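One letter stands for each residue in the lines below.
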Amino acid sequence: MGCCGSTEVSAARTKREWRPLEDRSCTDLPWFLLFTVFCVGMGSICGFTIVTGGAARLVFGYDSYGNTCGQRNEQIEGVRLSGLDHRDRKFVFFLDPCNIDIVQRKIKSMALCVSLCPPEELKTYQDLKRFAMVNGSELCSYELAGHKYPGLPERFSKCPKLPVPPSKPLPVFNRCTPVDISCYAKFAEAVVTFVGDNSVLHRLIAGVAASKEIIIGLCVLALVLSMLLMVIIRYISAVLVWILTSLVVLGSLAGTSVLWWLYIDHRLYGNDTTVKITKEVKDEVEVRRDSGQALLVYAIAATVFTIILLLLMLFMRKRVALTIALFHVAGKVFLHLPLLTLQPFVTFLALLLFWIYWILVLLFLGTSGNPVQNEETGLTEFRLTGPLQYLTWYHAVGLVWISEFILACQQMTVAGAVVTYYFTRDKTRLPVTPILSSVLRLVRYHLGTVAKGSFIITLVKIPRLVLMYIHNQLKGKENACARCLLKTCICCLWCLEKCLNYLNQNAYAATAINSTSFCTSARDAFVILVENALRVATINAVGDFVLFLGKILIVTSTAFAGVLLLNYQRDYAEWLLPLIIVCLFAFLVAHCFLSIFEIVVDVLFLCFAIDTKYNDGTPGKEFFMDKKAGCGPCFSHRFVKLKER
């Protein structure tokens, strides 16, 4: 991927100092062109489905003879009753809508194009005849005359199953759907396997319907709490960190003390009763002796762990203070750049729009291709054959790459705004909207870098997803060794993906600072991170746990408010689903917002590390950090002292 350069270039590169915000140039242009070509391919797939009629067949529906409803159709070679004019038949009607293939998740019944869905129940073939004569909508196969329905011998196989339930067309998709969906109970049981009693499911759904206003209100509450937490976390981070540290130390000391107490108690008890026990049961003595030895091993191991933990806490206490200071500065960044709080909304909206488009095109692909007769049912289906079947795989790769690209754009945008804020000495000369300026720089210079970074994540994620699919398909069939091997590979790829994500994020920050290519930025960021490895480990360990506590705080607060608001309902079983929905939404929102906070903290740390590496506070080498930030100079001197140690 062009990451390796010559020795001369590498030597010249190591002498170059960081020049924040001085030069701007396009980075990784070939990767931008490659990504553009790939996106054109994604759009071409959509165009192919539209041109070949797949989109029309999905939206308007088609019958079992390959005719699209609501249109004039062309004759399909070898398929009888194809090429019919269905301009006056706009709805798809299934002869047996309850005949569902749960494995393939589709209706196996014959489908016809009709001009009207039956609004009332039709119990006899005479009713079918009357409906066809009055409304002009024939519900039996096209070759059967409507006025002859009651006397035709083919009526049992080519007419709908009696009684025909009342139905109404689905909006947009024009499928006749039974008003009473009880016939889909078997399908629902396959989907909702944890519900054994239909009454329980009905009560849960009724609880959601009755509490929809409360659910919306609680979701808004979770949103507000997440936004507030990003601002006030700098005030409570110190308390959370030191409480966490104290609990870990006290818990370790308490656990070690309990183990030693159990061992001493066991020795004293064993010594008092050894003679009695020896005379009665010798095996029990052996068991007690083994138990005493096990307790001794546990106590010694706990003691060693506690001593190591105390030494780590002693030597890492200043690095923990560094994490607290970073959280404090990150809170100030959100006060100066309030539009950062909108990043989760923008990213989620972009992902949502892309996912909707991706699902629609996937559905279009499901109704595209060549007409093929199903050997089991004799019905006509459309399938992609030959090289066209690889379009689905191309589309699947696009889902991963473009989703990762959108997430990477968010990381680059946030990094660019924070870098602009940090490396602008005179904060009064900041752009009016640093976020917008960061977006413009991204679009103008660095889309290729983002495309390359997201492609690397895609290369790791796709094999992991394939292995997970294979593992699920072989569940219960493979031996223990194969299962262990698959899980090991999945775990290793997951760890690699997490490491690459972290390195990519710092590479984007380095690109935002120096406007260098992805590989150069990744190498520069990696060098800085290795030079500050202990501080990086402390920030990630302590910082991630503090943010996790913040997520738990938001979820529990929202759940508590939900319990208070839902208390008026006497049927406590109806609380379950609304509370689950609210808690899941609260955790999702908290994760999205605090992930932005985490990105800000990581970018700030990289900026601090670069600032203190090339500046020492003397005239001509002043620190970039804002002196009005309250902890700017003191933080720099503290960081320098930590590096000297």
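Residues numbered from 1 in each chain as written. Predicted model: local features only at pLDDT ≥ 70, side-chain atom pairs only at ≥ 80, totals over all residues. Heavy atoms only, no water.

**Regarding the overall build of the protein**
A tally of regular secondary structure across the protein gives 17 helices and eight strands. By the burial criterion, 44% of the 645 residues in the protein qualify as buried. Contacts in the protein between residues far apart in sequence, at least 24 positions, make up 72% of those at least 6 positions apart. Element-wise, carbon and sulfur atoms account for 67% of the exposed surface of the protein, whose accessible area totals about 34,500 Å². (Helix = DSSP H or I, 4+ residues; strand = E, 2+ residues; numbered from the N terminus. Buried < 20%, exposed > 50% of the residue type's maximum accessible area, 1.4 Å probe, protein only. Contact = heavy atoms within 4.5 Å. Areas by Shrake-Rupley, 256 points an atom, 1.4 Å probe, with all protein chains shown as cover.)

**Focus: the pattern of salt bridges**
Scanning the entire structure with this criterion turns up ten salt bridges. As a salt-bridge pair, Asp 85 and Arg 87 come within 2.8 Å of each other at their nearest N and O atoms. Residue class for Asp 85 comes out partly exposed when judged on its relative accessible area of 34%. Among the residues examined, Arg 87 registers a relative accessible area of 46% and is labelled partly exposed. Lys 613 serves as the salt-bridge partner of Glu 531, at 3.2 Å between the closest nitrogen and oxygen. Placement of Glu 531 in helix H14 (residues 518-531) and of Lys 613 in helix H16 (residues 576-614) is noted, with a sequence separation of 82 residues between them. We classify Glu 531 as partly exposed; its relative accessible area is 40%. (Salt bridge = Lys/Arg side-chain N within 4 Å of Asp/Glu carboxyl O.)

**What about unusual backbone geometry?**
Between Leu 162 and Pro 163 the backbone carries a cis peptide bond, its omega angle lying at -10°. Position of Pro 163 among the secondary structure elements: in the loop between helix H5 (155-158) and strand S5 (167-169). Positive phi outside glycine occurs at Asp 28, with the angle close to 50°. Summarising the element assignment, Asp 28 is placed in the loop between helix H1 (7-15) and helix H2 (29-51).

**Thoughts on the layout of surface pockets**
In this structure, the second largest pocket spans a volume of roughly 1,200 Å³. Forming the boundary of the second largest pocket are 41 residues, of which Leu 407, Gln 411, Lys 498, His 591 and Ser 595 lie nearest the centre. Breaking the lining of the second largest pocket down by element, the ones donating at least two residues are helix H10 (343-366), helix H11 (390-422), helix H12 (434-473), helix H13 (480-514), helix H15 (533-565) and H16. When its residues are assigned to classes, the lining of the second largest pocket shows 20 nonpolar, twelve polar and nine charged. (1 Å grid on protein atoms, 1.4 Å probe; cavity = no way out; pocket = protein on both sides within 12 Å on 5 of 7 lines; lining within 4 Å. Points joined across faces, edges and corners; volume = space filled by probe spheres on them. Nonpolar A, V, L, I, M, F, W, Y, C, P; charged D, E, K, R; others polar.)

**A short note on the packing of aromatic side chains**
Counted according to the given criterion, the structure contains 14 aromatic pairs. Both rings, one in Phe 35 and one in Phe 405, keep their centres 4.2 Å apart while their planes meet at 25°; by these two values the pair is stacked. Of this pair, Phe 35 sits in helix H2 while Phe 405 sits in helix H11, and the two are 370 residues apart along the sequence. Note on Phe 35: relative accessible area 7%, which makes it buried. Members of the aromatic cluster, joined through ring pairs, are Trp 31, Phe 35, Phe 38, Tyr 394, Trp 401, Phe 405 and Phe 455. It is Arg 57 that lies over the ring of Phe 382; its NZ or CZ is 3.8 Å from the centre. (Phe/Tyr/Trp six-rings, centres within 6.5 Å; stacked < 30°, edge-to-face > 60°. Lys NZ or Arg CZ within 6 Å of the ring centre and 35° of its normal.)

**Description of the state of the cysteines**
Overall, the coordinates contain three disulfides when judged by the stated rule. Between the sulfur atoms of Cys 69 and its disulfide mate Cys 113 the distance is 1.9 Å. In this structure the cystine formed by Cys 69 and Cys 113 twists about its S-S bond by roughly -80°; its chirality is therefore left-handed. Residue Cys 69 is found in the loop between helix H3 (54-60) and strand S1 (91-94), and its partner Cys 113 is found in strand S4 (residues 111-114); the two are separated by 44 residues along the sequence. Summarising the burial analysis for this pair, Cys 69 and Cys 113 share the class buried. Across the disulfide, Cys 117 is cross-linked to Cys 176 (sulfur-sulfur distance 1.9 Å). As the torsion about the S-S bond is roughly -80°, the Cys 117-Cys 176 disulfide counts as left-handed. Of this pair, Cys 117 sits in the loop between S4 and helix H4 (125-135) while Cys 176 sits in strand S6 (residues 176-178), and the two are 59 residues apart along the sequence. Note on Cys 176: relative accessible area 6%, which makes it buried. (Disulfide = S-S within 2.5 Å.)

In short, shape yes, function no, at least from these values alone.
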